[in-house]
Amino acid sequence: CIFLFWCCWTFWGIKGWNANSPNTLINMNLTMTDKLLQAYNSILLRISFKLDDEHRKELLHYCNGLISKQVTGTVDILRSLEYMGKISWGDVNLVKEAMDEINRSDIVNELTEYEYKRDLTLLLDYYARKILNRDSHCCSVSVKRVVGRLVRLMEVARDKVDITSISLTVESCKDMRKALVDFEDDIDCREQSFSWNEFTVLVVIAGEIIAVAYKNEELQESAVIDLCSTAADELCSRMTELGSWVS
């Protein structure tokens, strides 16, 4: 009962956390920033490929007054919004609003998935650094609050989970995916469908595995960041099934 109580309390915090909160995305280390920036550039490029001339004109009309009138190409429109400080890898809300206005719900869904993966990557990295008492690069109060709950959740359940054994099987991104899938199959939960309780447990397990990887001196930090990204990618599909990240 105590374990489920902590799950419920924690997943409420996770659902309420948003990486767009004030001061969420500052002072990240270069490796993490590069990884997230790559994902951001990739989503912008995919958007440019998917917009035909009519949708591009509608996007340009939506952005009228925000960017120079000389800008016409889709990539140039998006980059101009970035240069004006309207969007960034930490905030794609304006693009989502624009895509919604021009009836491109498919792109809105892609941007939402990008946000899920970004937020989970940040959260997992912060969790791992927190339990290792390492310097963290994220100063968001909301992130600290959620991670604090996750850490306390694991303190209650740590004797029930052999994290070391699980972590020893994780040597690559592919192994991370398998570890999470296998652990999900082993979760003992009375609910018939995948729940926020189970999701919370998977987030904690992923964070613990990443923490063990950080302690491995043979692994470069970039490899650990790749594990964070892979775990976030795997968890993202579960989050999509559950619904909105923000309640």
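Structure: above.
Only a predicted model underlies this, so the values are computations on that prediction, with no experimental measurement involved. (Residues numbered from 1 in each chain as written. Predicted model: local features only at pLDDT ≥ 70, side-chain atom pairs only at ≥ 80, totals over all residues. Heavy atoms only, no water.)

Undergrad: Would you mind going over the overall build of the chain in detail, with residue names and values included?
TA: Across its full length, the chain holds 11 helices and zero strands. Listing each helix as α and each strand as β along the chain from the N terminus yields α-α-α-α-α-α-α-α-α-α-α. Within the span of the chain, comprising 247 residues, buried residues form 49% of the whole. Looking at the chain as shown, the accessible area adds up to about 12700 Å², and 49% of this sits on carbon and sulfur atoms. (Helix = DSSP H or I, 4+ residues; strand = E, 2+ residues; numbered from the N terminus. Buried < 20%, exposed > 50% of the residue type's maximum accessible area, 1.4 Å probe, protein only. Areas by Shrake-Rupley, 256 points an atom, 1.4 Å probe, with all protein chains shown as cover.)

Undergrad: So what's going on with the packing of helix α6 (residues 105-131) against helix α10 (residues 196-215)? Which residues, and what values?
TA: Between α6 and α10, the shortest axis-to-axis distance is 8 Å and the interhelical angle comes to 60 degrees. Between α6 and α10, the angle falls in the class oblique. α10 is crossed by α6, and the crossing has right-handed handedness. The segment α6 lies against α10, with Leu120, Leu123, Leu124, Asp125, Tyr127, Ala128, Arg129 and Ile131 engaging Phe199, Val203, Val204, Ala206, Gly207, Glu208, Ile210, Ala211 and Tyr214. (Axes fitted to C-alpha atoms, helices over the stretch in contact; angles between N-to-C directions. Parallel < 35°, antiparallel > 145°, perpendicular 65-115°, else oblique. Left-handed = near helix turned anticlockwise from the far one by under 90°. Contact = heavy atoms within 4.5 Å.)

Undergrad: So what's going on with unusual backbone geometry? Which residues, and what values?
TA: Backbone geometry places Asn103, a non-glycine residue, at a positive phi of 60 degrees. With respect to the secondary-structure elements, Asn103 resides in the loop between α5 (93-101) and α6. Look at Asn103 and you get exposed, because its relative accessible area is 67%. Despite not being glycine, Asn133 shows a phi value in the positive range, around 55 degrees. One can find Asn133 in the loop between α6 and α7 (141-157). Here Asn133 falls in the exposed class, since its relative accessible area comes to 72%.

Undergrad: With reference to specific residues and values, describe a nonpolar patch on the surface.
TA: Residues Leu45, Phe49 and Val75 make up a contiguous nonpolar surface patch of roughly 310 Å² in combined accessible area. The exposure class of Phe49 is exposed, given its relative accessible area of 65%. (Patch = residues over 30% accessible without salt bridge, like charges linked within 9 Å, V, L, I, M, F, W, Y side chains within 5 Å. Salt bridge = Lys/Arg side-chain N within 4 Å of Asp/Glu carboxyl O.)

Undergrad: Explain the nonpolar core to me, and be specific about the residues and the numbers.
TA: Counting residues in each nonpolar core, the largest one holds 67 residues, and the members touching the most others are Ile47, Met99, Leu111, Val203, Ile210 and Leu235. Within the residue set of this core, elements represented by two or more residues are α2 (30-50), α4 (74-83), α5, α6, α7, α9 (173-186), α10 and α11 (221-242). Looking at this core element by element, the count peaks at 13 residues for α10. Residues in contact with Leu235, not counting those within four places in the same chain, are Leu120, Leu124, Leu180, Phe199, Leu202, Val203 and Ala206. (Core = buried A, V, L, I, M, F, W, Y, C linked by side-chain atoms within 4.5 Å.)

Undergrad: With reference to specific residues and values, describe the pattern of salt bridges.
TA: Here the structure, examined in full by the defined rule, presents 13 salt bridges. Across the pair Arg56 and Asp53 runs a salt bridge, and its minimum N-O distance is 3.9 Å. Here Asp53 and Arg56 lie together in helix α3 (residues 53-62), a separation of three residues that amounts to about one turn. On the basis of relative accessibility, which here comes to 19%, the residue Arg56 falls in the buried class. Residues Arg118 and Asp119 are paired through a salt bridge, measuring 2.9 Å at the closest nitrogen-oxygen approach. Here Arg118 and Asp119 have matching classes, each one buried.

Undergrad: Can you break down the environment of Ser195 residue by residue, with the values?
TA: In this fold, Ser195 is placed in the loop between α9 and α10. Sequence spacing of Ser195 and Glu241 is 46 residues, and the spatial spacing of their C-alpha atoms is 9.1 Å.

Undergrad: Describe the packing of aromatic side chains, listing the residues and the values that go with them.
TA: Evaluated as defined, the whole model comprises one aromatic pair. Ring plane angle 85 degrees and centroid distance 5.4 Å describe the contact between Trp196 and Phe199, whose orientation is recorded as edge-to-face. Within this pair, Trp196 and its partner Phe199 are both found in helix α10, separated by three residues, close to a single helical turn. (Phe/Tyr/Trp six-rings, centres within 6.5 Å; stacked < 30°, edge-to-face > 60°.)

Undergrad: I'd like to hear about α4, residue by residue, with values.
TA: Since there are 3.6 residues in each turn of an α-helix, residues three or four apart along the chain are aligned in direction. Considered for burial, the residues of α4 that qualify are Thr74, Ile77, Leu78, Ser80 and Leu81. Along the long axis of α4, the arc covered by the buried residues comes to 160 degrees, so they all point the same way. Just beyond α4, the residue with positive phi is Gly85, at close to 80 degrees. (Arc of directions from axis to C-beta.)

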